[in-house]
Amino acid sequence: MGEYLERVKRVLAELEADDMGALVREALDAGEEAADLLGAMGEAMVEVGRRFEEGEYFLADLVLAGEEMKEGIAALEPFLAAGDRGAKGTVVLCTVKGDIHDIGKNLVGTMLASAGFNVVDLGVDVAPEKVVDAVKANSAQAVGLSVLLTTMVGSVGEVVESLKGAGLRDSLKIAVGGACVTDEVVERYGADAMGRDAVEAVRIFSGWMA
Ligand code: B1M
């Protein structure tokens with residue numbers, strides 16, 4: 001890992017970042033790749049989560065790290081290649097009911113939009129009925145669900161069941177992602193695929209909606 005990548009990872013993980021946007025821009029100017037910077041920030045967030053789990057960090061620290069990461073991502077956005085927006089079809093995206101984590105979901109949304117998808121982002125803590133309404137209103141071809149809390153993973157199943165109930169499931173593809181998602185989650189709740197990161201998410205949706 002290059003010097004800037006190490007620095008980005010360290011200051012975010014140590015909660016020492018007071019202007020993540022400036023640091024990321026400096027790293028880009030020094031020649032670092034946007035994708036590598038994203039990776040370094042992602043690793044830092046895993047470390048922040050670990051320290052929270054171990055009682056070293058508190059909720060306020062998660063909030064702080066989350067805000068800094070958002071600033072870092074905002075600085076990267078112009079570099080996450082812009083494609084032919086909306087041409088590939090429509091994806092309804094959200095974080096599931098009971099879960100308010102949105103950094104990963106936003107990143108997936110940005111990358112999908114850059115790759116040419118029309119993204120309808122419903123936000124966080126989204127009830128299954130809202131997903132159904134949005135799929136109908138936007139004639140979406142796919143749904144993307146983000147879930148980070150193990151306790152909320154059942155919300156994925158609720159969305160799938162609601163889409164089935166509305167007669168929409170057969171004409172839709174559903175991808176899930178987020179820190180707690182495994183292949184088993186996909187199988188148990190009847191989704192179609194899981195993405196480990198935003199790049200994989202783009203690959204999955206592109207495979208469905210080329
Ligand atoms: Co929370 N939190 N948090 N948190 N938080 C986790 C998820 C946790 C793992 C930390 C830990 O204990 N180790 C833990 C969950 C444990 C579990 O259930 N297994 C946890 C907890 C417990 C909680 C609270 C319950 C804490 C409390 O209140 N006591 C609470 C829950 C509130 C709620 O949702 N109801 C809570 C709150 C928060 C904050 C609000 C303070 C803040 C979020 C700020 C925000 O999102 N605006 C926060 C943060 C920052 C984290 C950690 C530290 C970082 C998450 C993050 O943004 N990562 C997180 C630790 C961790 O994940 N290891 C943690 C960076 C982001 C880029 O990665 O979101 O994983 P991620 O997205 C990735 C991939 O997963 C994937 O692509 C993204 C880009 O690579 N991906 C997809 C995501 N969605 C996808 C969808 C796809 C495909 C790929 O297709 C559709």
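How each quantity is defined
Residues numbered from 1 in each chain as written. Predicted model: local features only at pLDDT ≥ 70, side-chain atom pairs only at ≥ 80, totals over all residues. Heavy atoms only, no water. Near = heavy atom within 4 Å. Polar contact = N/O pair within 3.5 Å; in protein donor to acceptor, adjacent residues only side chain to side chain. Helix = DSSP H or I, 4+ residues; strand = E, 2+ residues; numbered from the N terminus. Nonpolar A, V, L, I, M, F, W, Y, C, P; charged D, E, K, R; others polar. Patch = residues over 30% accessible without salt bridge, like charges linked within 9 Å, V, L, I, M, F, W, Y side chains within 5 Å. Areas by Shrake-Rupley, 256 points an atom, 1.4 Å probe, with all protein chains shown as cover. Salt bridge = Lys/Arg side-chain N within 4 Å of Asp/Glu carboxyl O. Lys, Arg positive; Asp, Glu negative; His and termini not counted. Charge placed at Lys NZ, Arg CZ, Asp CG, Glu CD. Buried < 20%, exposed > 50% of the residue type's maximum accessible area, 1.4 Å probe, protein only. Core = buried A, V, L, I, M, F, W, Y, C linked by side-chain atoms within 4.5 Å. Domains from an automatic or database assignment. Contact = heavy atoms within 4.5 Å.

Novice: Go over the site of the ligand, please, and point to the residues and values.
Specialist: Surveying the vicinity of the ligand reveals 35 residues, the closest of which are I100, H101, D102, S146 and T150. A distance of 2.9 Å separates a nitrogen atom of the ligand from a polar side-chain atom of E53. G178 has a polar backbone atom sitting 3.5 Å from a nitrogen atom of the ligand. Secondary-structure elements contributing two or more residues to the shell around the ligand are α3 (34-53), α4 (59-76), α5 (103-114), β3 (142-146), β4 (173-177) and α9 (198-208). Across the shell around the ligand, the residue classes tally to 19 nonpolar, 10 polar and 6 charged.

Novice: How would you explain a negative patch on the surface if you had to name every residue and give the values?
Specialist: On the surface, D18, D19, E67 and E71 cluster together to form a negatively charged patch. Relative to the helices and strands, D18 resides in the loop between α1 (3-13) and α2 (20-29). D18 sits in the exposed class, given a relative accessible area of 73%.

Novice: Before we move on, can you summarise the nonpolar core with the specific residues and values?
Specialist: M20, V24, L37, M41, L76 and F205 are the most contacted members of the largest nonpolar core, which has 40 residues in total. Mapped onto this core, the elements with two or more residues apiece are α1, α2, α3, α4, β1 (90-95), α5 and α9. Looking at which domains feed residues into this core, each of domain 1 (3-80) and domain 2 (86-208) gives three or more. Residues contacting F205, with those up to four places away along its chain left out, are V91, L112, F117, A142, V143, G144 and A175. Counting residues in hydrophobic clusters, the runner-up holds 29 residues, among them V132, V153, L172 and V181.

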